[in-house]
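Structure assessment
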Amino acid sequence: VETIVRGYITGSGWNDYKRTGAVCGLQLPAGLRQCEKLPQPLYTPSSKAEAGAHDENITVAQADAAIGEAHAQAVATLAVQL
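Residues numbered from 1 in each chain as written. Predicted model: local features only at pLDDT ≥ 70, side-chain atom pairs only at ≥ 80, totals over all residues. Heavy atoms only, no water.

Another aspect to go through is the confidence of the model for the protein chain. Per-residue pLDDT for the protein chain averages 93, and the proportion of residues at 70 or more is 100%. When the elements of the protein chain are averaged for pLDDT, strand 6 (residues 56-57) gives the smallest value, 90, and strand 1 (residues 5-8) the largest, 97. (pLDDT = per-residue confidence, 0-100. Helix = DSSP H or I, 4+ residues; strand = E, 2+ residues; numbered from the N terminus.)

Encoded structure:
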């Protein structure tokens, strides 16, 4: 699991938002524009891809399942604090 904290809606997060209105399963306000600042920093986990491929955004629940809920929550909290 890779830990990403987003302050702005851009990159793969923007692509997910355009398709679903959410990033990593977290619903965001409607009407955001590309590169707009998010209301608060957002923990968005991803899975590491094979060499040469793009990482894949995953939901918080998938991160919990991969490394255990307690560890995933601790990582999310620390990452956002940084």
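This brings us to the environment of Gly31. With respect to the element layout, Gly31 can be found in the loop between strand 3 (26-27) and strand 4 (37-43). Setting aside its immediate chain neighbours within four residues, Gly31 contacts Tyr17 and Glu36. (Contact = heavy atoms within 4.5 Å.)

Turning next to the nonpolar core. Core analysis: the largest hydrophobic core is formed by nine residues, namely Ile9, Trp14, Tyr17, Val23, Cys24, Leu28, Leu32, Leu38 and Leu42. Of all the secondary-structure elements, those providing two or more residues to this core are helix 1 (11-20) and strand 4. Dropping the residues within four chain positions of it, Tyr17 is found in contact with Ile9, Ala22, Val23, Leu28, Pro29, Ala30, Gly31 and Leu32. (Core = buried A, V, L, I, M, F, W, Y, C linked by side-chain atoms within 4.5 Å. Buried < 20%, exposed > 50% of the residue type's maximum accessible area, 1.4 Å probe, protein only.)

This part takes up helix 3 (residues 69-81). Here helix 3 contains 13 residues, and its C-alpha end-to-end distance of 18 Å stays within 8% of the 18 Å for a straight helix at 1.5 Å per residue. Those residues of helix 3 lying buried are Ala72, Ala76 and Ala79. Projected down its long axis, helix 3 carries its buried residues within an arc of 70 degrees, all on one side. In helix 3, the exposed positions angled more than 90 degrees off the buried face are occupied by Ala70, His71, Leu78 and Gln81. In this fold, the buried residues of helix 3 make contact with strand 1, strand 4 and helix 2 (60-67). (Expected span 1.5 Å × (residues − 1). Arc of directions from axis to C-beta.)

The next point concerns the pattern of salt bridges. Taken as a whole and judged by the stated rule, the model has two salt bridges. The partner of Arg19 in a salt bridge is Asp16, with the nearest N and O atoms 2.6 Å apart. Of this pair, Arg19 and Asp16 both sit in helix 1, three residues apart, which is roughly one turn of that helix. According to the relative accessible area criterion, Arg19 is exposed, its value standing at 63%. Here Arg33 ties to Glu36 by a salt bridge, and the two come within 3.7 Å at their closest N and O atoms. A relative accessible area of 59% places Arg33 in the exposed class. (Salt bridge = Lys/Arg side-chain N within 4 Å of Asp/Glu carboxyl O.)

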